[in-house]
Amino acid sequence: MQQPPHTSRRRTGRLAGLTAALAAVVGLSTLTGPGAHAADNPYERGPAPTESSIEALRGPYAVSQTSVSRLAVTGFGGGTIYYPTTTADGTFGAIAVSPGYTALESSISWLGPRLASQGFVVFTIDTNTTLDQPDSRGDQLLAALDYLTQRSSVRNRVDSSRLGVMGHSMGGGGSLEAAKDRPSLQAAIPLTPWNLDKTWPEVRTPTLIFGADGDTIAPVSSHAEPFYGNLPSSLDRAYLELNNATHFTPNSSNTTIAKYSISWLKRFIDNDTRYEQFLCPLPRPSLTIEESRGNCPHTS
């Protein structure tokens, strides 16, 4: 039997309404699906982090490496570049890492694959001479980043707008010098740092300083603590003092250093707020942490 015209119109209207509602639901699920956060933050790399993933010896990315001869560069002593093997995720942020006084690249080489496997290009360097002072090491860190982004074989894998520096001892003092000289850096991590300069009002780079409670070469009372205290109070900054540790603790694979360094680099180089949970609230004293200070929540 033929339906009255008004009944057919009602069914057509209901069908159109259901179609529109379904489209809205599909659209909403698209916005809130796995790719939504990545769309909001184009620098986000890797899966959502967990406590175990940032404490692991290796992250989600397979890593390759290439050696850079000191004869092929100017301004620093060559080194090793560690980088995620995949090209599917686009470019990555990058970090240059300096060793300390009298030390070679090998003393900080463990950081290369550990950080790179979390989604960074990492350049562990040798300095021009092992006796170079912090201001020179700061210049060398910047020269290494310039080489990495402009001339290296992996330059197309690096986002030159998302760079950071790390260093141990005088290399840590050098990372502060580099941050002072190049405010565009996104993160700095001095490891048991040494420097005669104690005040850093010029620094605009989010900075995480590691001290060691048993450091007799760069005691925290005259180095790491005043460095932290004399950074601008408005800066995103943190101080983490390692428990039962020495000046040379950063020269060996260390889960506490890796965990909080990864979180800091992800948070500020990748703008990845998924890692804020590991930085704020500040970590409590533990078997590996003597104390921590910082401004939470972060604002950068």
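Preceding this section is the structure that the text describes.
Chemist: How should the overall build of the chain be read in this particular structure?
Modeler: Within the chain, the regular secondary structure consists of 8 helices and 9 strands. With 300 residues in all, the chain has 52% of them scored as buried. Sequence-distant contacts in the chain: of pairs separated by 6 or more residues, those separated by 24 or more amount to 70%. If you sum the accessible surface of the chain, you get close to 13,200 Å²; carbon and sulfur atoms cover 55% of it.

Chemist: Looking at this structure, I do not really get the nonpolar core. What am I missing?
Modeler: General note: in soluble globular proteins, nonpolar side chains tend to be found buried as a group. Core analysis: the largest hydrophobic core is formed by 38 residues, its most contacted members being Phe76, Ile81, Val121, Phe123 and Leu148. Those elements that place two or more of their residues in this core are β2 (79-84), β3 (92-98), β4 (120-125), α5 (134-150), β5 (158-168), α6 (170-181) and α7 (224-229). Of the residues forming this core, the biggest block, 7 residues, is contributed by α5. Setting aside its immediate chain neighbours within four residues, Leu148 contacts Ile81, Ala94, Val121, Phe123, Val154, Arg155 and Val158. By size, the runner-up hydrophobic cluster in this structure holds 34 residues, among which are Val122, Ile189, Ile269 and Leu279.

Chemist: Any chance you could explain the state of the cysteines here in plain terms?
Modeler: Chemically, a disulfide is nothing more than a covalent bond linking the sulfur atoms of two cysteines. Taken as a whole and assessed by the stated rule, the structure comprises 1 disulfide. What pairs with Cys280 in a disulfide is Cys296, and their sulfur atoms sit 2.0 Å apart. Measuring handedness by torsion sign, the sulfur bridge of Cys280 and Cys296 sits at about -80 degrees and is left-handed. Within this pair, whereas Cys280 is found in the loop between α8 (255-269) and β9 (289-294), its partner Cys296 is found in the segment after β9, the two being separated by 16 residues in sequence. Given a relative accessible area of 14%, Cys280 falls into the buried group. For Cys296, a relative accessible area of 35% translates into the label partly exposed.

Chemist: Help me understand the packing of aromatic side chains in this model?
Modeler: Each aromatic ring pair is specified by the distance between its two centres and by the angle formed by the two planes. The final tally for this structure, using the stated rule, is 8 aromatic pairs. Ring geometry for Tyr61 against Phe92: centres 5.4 Å apart, planes inclined by 85 degrees, an arrangement best described as edge-to-face. In this pair, Tyr61 is assigned in the loop between α3 (51-55) and β1 (63-68) and Phe92 in strand β3, connecting sequence segments 31 residues apart. Here Tyr61 and Phe92 have matching classes, each one buried. With a centroid separation of 4.6 Å and 50 degrees between ring planes, the pair formed by Trp264 and Phe268 is classed as tilted. Within this pair, Trp264 and its partner Phe268 are both found in helix α8, separated by 4 residues, close to a single helical turn. For Phe268, a relative accessible area of 2% corresponds to the buried category.

Chemist: Which parts of the structure should I look at to understand α6?
Modeler: Residues spaced three or four apart along an α-helix face the same direction, because each turn holds 3.6 residues. Helix length check: α6 (12 residues) gives 16 Å between terminal C-alpha atoms against 16 Å at 1.5 Å per residue, within 8%. For α6, a buried count of 10 out of 12 residues is recorded, marking the element as mostly surrounded by other parts of the structure. Along α6, the residues classified as buried are Met170, Gly171, Gly172, Gly173, Gly174, Ser175, Leu176, Glu177, Ala178 and Ala179. Against β3, α5, β5, β6 (187-191), β7 (207-212) and α7 lie the buried residues of α6.

Cut-offs applied
Residues numbered from 1 in each chain as written. Predicted model: local features only at pLDDT ≥ 70, side-chain atom pairs only at ≥ 80, totals over all residues. Heavy atoms only, no water. Helix = DSSP H or I, 4+ residues; strand = E, 2+ residues; numbered from the N terminus. Buried < 20%, exposed > 50% of the residue type's maximum accessible area, 1.4 Å probe, protein only. Contact = heavy atoms within 4.5 Å. Areas by Shrake-Rupley, 256 points an atom, 1.4 Å probe, with all protein chains shown as cover. Core = buried A, V, L, I, M, F, W, Y, C linked by side-chain atoms within 4.5 Å. Disulfide = S-S within 2.5 Å. Phe/Tyr/Trp six-rings, centres within 6.5 Å; stacked < 30°, edge-to-face > 60°. Expected span 1.5 Å × (residues − 1).

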